[in-house]
Structure formats: structure tokens, C-alpha cells
Amino acid sequence: RLLPPGVGMGLLVMAGTGLRPSELMAVRPSDLDMPGRTVRIERSLDLDGQIKATKTEEARLVDLSGRLTQSLSGYLTWLDSEAIARGKEQAEWLFVDEKGGVLNERYLRKAFARILRKAELPHFKPYDLRHTYASLLLSEAVPLVYVSQQLGHAKPTTLKCYASRMGSGNRRDDDVLKRGFEKVWHQK
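Since this is a predicted model, take the numbers as computed values, not measurements.

A.B. asks: Before we move on, could you go through the overall build of the protein chain and cite the residues and values that matter?
C.D. replies: Looking only at helices and strands, the protein chain features 7 helices and 5 strands. For the protein chain, the sequential pattern of α-helices and β-strands runs α-α-β-β-β-β-β-α-α-α-α-α. Within the protein chain, the proportion of its 188 residues that are buried is 43%. The contacts in the protein chain between residues at least 6 apart in sequence include a share of 60% that link residues at least 24 apart. For the protein chain, the computed accessible surface area is about 10,700 Å², with 53% contributed by carbon and sulfur atoms.

See the structure below:
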């Protein structure tokens, strides 16, 4: 069974931004700033699909890599055409299920589990993509404060569990995740 585009893009965005699943599901197309390569995170959705504040109750801007921005650009074209086909001017939510409704966390978890099974990978949760994101950035010596801000942590000290993954320099750029993912894929 084919993965719905909204699910695939949602998982890609989670891996490339460290968003919490509840934050991802609450992103609207208008939250994207494609020229600025950012997404504004100002709300989340609970398990019942009700809008609520973010965990820290503060909005933040999360950076998007060049590669992720390109992928989102193509996805937005698809999303707009799907909204028009459903008789709407535009989609309310950025990440939608196959019926055009907002993704819910249970659906996302089931789809992710199917992907892992099909790829014969061990089970882990979509939320673990957040940990992978943080670990890859820190292993490339991206400053702790930056990673903490991207993740929406109230204090950088909350990342102390990642201390063993931290590099020892100050090199970083927007596409640092690309290098990290390439390391992971080429270690087979």
C-alpha cells in the first residue's frame, strides 16, 4: 500500500526539524516561510485533534534545510491541487491523511510502524526522529543553544542526555543533517 504524501512528507519534516508529532500535525501552510526557509511553530494538536499551545507555550521559528525546502515546495503544489480537487480554496493543515483531513498521531504511528516493518528495521516511534535530529546535529558540533532552540526546549540544559553525542568544534550550516544522514546510510 502506498504511503499518503502527507504522511511521507510529515515524517521527512520530523526527521529534518525535530518537531514533536503534536507540533507537526498542527502546522498550517501559512506557517511556512519558504524564502526564509523556516516554519513557525505556535500550536500543537492533542490526541483528540484539539488545538492546544506548544509544550513550552511559546511560538518559535524552526529552520529548514535547502533540501527540505525543495521537497516542501513540491509537496505544497500537490497539496494545493488536492485542496482544489476537494472543492476548497486551500488546505487548512499542511500534513493531511489520504482523505485530506489533518493527520492524527495514531495514524502517523501506524504508518511509521508499517514503513519500519517493510524495511525490516527495528521498531521505534515517530517521536524518536526528534532524538535522531538532535543527535545528528550535536555530533556535527552544532551549538547546544541552537539545537535547543530548534527543538523548542525551555532551557538548553534539557539536552544533557545528548552530551555524549556532541562534537568538539563550532562548524555548522543549514544542511548539516545531510552530512549526518549520509554517515548513517553509508555505515551499512
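So, next bit.
A.B. asks: Can you lay out the sheet that holds strand 1 (residues 32-33) for me, pointing to particular residues and giving the numbers?
C.D. replies: The sheet built from 3 strands is open, its strands ordered 1-2-5 with antiparallel pairing. Looking at which strands have only one partner, the edges of the open sheet turn out to be strand 1 and strand 5 (60-63).

A.B. asks: Before we move on, can you summarise the packing of helix 1 (residues 5-17) against helix 3 (residues 66-85) with the specific residues and values?
C.D. replies: Two elements in contact, helix 1 and helix 3, have axes whose closest approach is 11 Å; the angle formed by their N-to-C orientations is 160°. With respect to each other, helix 1 and helix 3 are oriented roughly antiparallel. Regarding helix 1 and helix 3, the two cross each other, and that crossing is left-handed. For the pair helix 1 and helix 3, contact is made by Pro5, Gly6, Met9, Leu12, Val13, Gly16 and Thr17 and by Leu68, Ser71, Leu72, Tyr75 and Trp78, respectively. Its residues assigned to classes, the contact of helix 1 with helix 3 comprises 8 nonpolar, 4 polar and no charged.

A.B. asks: Got a sec to walk through the pattern of salt bridges? Specific residues and values, please.
C.D. replies: Enumeration according to the criterion identifies 7 salt bridges in this entry. The partner of Glu92 in a salt bridge is Arg28, and the shortest N-O contact between them spans 3.2 Å. Of the two residues, Glu92 sits in the loop between helix 3 and helix 4 (105-118) while Arg28 sits in the loop between helix 2 (21-24) and strand 1, which places them 64 residues apart along the sequence. With relative accessibility at 48%, the residue Glu92 sits in the partly exposed group.

A.B. asks: Account for the environment of His153, naming residues and giving values.
C.D. replies: Residue position: His153 is located in the loop between helix 6 (144-151) and helix 7 (176-185). Placed 98 residues apart in sequence, His153 and Lys55 show a C-alpha to C-alpha distance of 8.7 Å. Among the polar contacts listed, one links the side chain of His153 to the side chain of Arg130, at a separation of 3.4 Å.

A.B. asks: How would you explain the confidence of the model for the protein chain if you had to name every residue and give the values?
C.D. replies: Chain-level statistics for the protein chain give a pLDDT mean of 85 and a share of 81% at 70 or above. Segment residues 169-173: pLDDT under 50, and 11 contacts once partners within four positions in sequence are set aside and those in other chains are kept.

A.B. asks: A description of empty space enclosed by the protein should follow, citing residues and the corresponding values.
C.D. replies: Throughout the structure, instances matching the rule amount to 2 cavities of 30 Å³ or more. Here the second largest cavity defines a volume of roughly 30 Å³. Lining the second largest cavity we find Val13, Leu19, Val27, Leu32, Val39, Leu64, Leu72, Leu94 and Phe95. When its residues are assigned to classes, the lining of the second largest cavity shows 9 nonpolar, no polar and no charged.

A.B. asks: Residue-level account of the nonpolar core, with values.
C.D. replies: Ranked by internal contacts, the top residues of the largest apolar core, which has 36 residues, are Val13, Leu32, Leu72, Tyr75, Leu94 and Phe95. The set of elements that each furnish at least two residues to this core consists of helix 1, strand 2 (38-41), helix 3 and helix 4. Excluding its chain neighbours within four sequence positions, the residues that come into contact with Val13 are Gly18, Leu19, Leu24, Leu68, Leu72 and Phe95. Residues Ala134, Leu137, Leu138 and Val142 belong to the second largest nonpolar core, which totals 8 residues.

A.B. asks: I'd like a description of helix 6, backed by residues and values.
C.D. replies: Residues of helix 6 that are buried: Tyr146, Val147, Ser148, Gln150 and Leu151. Looking at the buried residues of helix 6, the elements they touch are helix 1, strand 5 and helix 5 (128-139). Phi turns positive, to about 80°, at Gly152, one or two residues after helix 6.

A.B. asks: Describe in detail the pairing of strand 5, supporting the description with residues and values.
C.D. replies: On strand 5, burial follows the alternation: Arg60 and Val62 on one face are buried, whereas Leu61 and Asp63 on the facing-out side are not. With 4 bridges connecting them, strand 2 and strand 5 associate as antiparallel partners. The partner of Arg40 across the bridge, within strand 5, is Leu61.

So, how was this worked out
Residues numbered from 1 in each chain as written. Predicted model: local features only at pLDDT ≥ 70, side-chain atom pairs only at ≥ 80, totals over all residues. Heavy atoms only, no water. Helix = DSSP H or I, 4+ residues; strand = E, 2+ residues; numbered from the N terminus. Buried < 20%, exposed > 50% of the residue type's maximum accessible area, 1.4 Å probe, protein only. Contact = heavy atoms within 4.5 Å. Areas by Shrake-Rupley, 256 points an atom, 1.4 Å probe, with all protein chains shown as cover. Pairing = 2+ DSSP bridges. Axes fitted to C-alpha atoms, helices over the stretch in contact; angles between N-to-C directions. Parallel < 35°, antiparallel > 145°, perpendicular 65-115°, else oblique. Left-handed = near helix turned anticlockwise from the far one by under 90°. Nonpolar A, V, L, I, M, F, W, Y, C, P; charged D, E, K, R; others polar. Salt bridge = Lys/Arg side-chain N within 4 Å of Asp/Glu carboxyl O. Polar contact = N/O pair within 3.5 Å; in protein donor to acceptor, adjacent residues only side chain to side chain. pLDDT = per-residue confidence, 0-100. 1 Å grid on protein atoms, 1.4 Å probe; cavity = no way out; pocket = protein on both sides within 12 Å on 5 of 7 lines; lining within 4 Å. Points joined across faces, edges and corners; volume = space filled by probe spheres on them. Core = buried A, V, L, I, M, F, W, Y, C linked by side-chain atoms within 4.5 Å.

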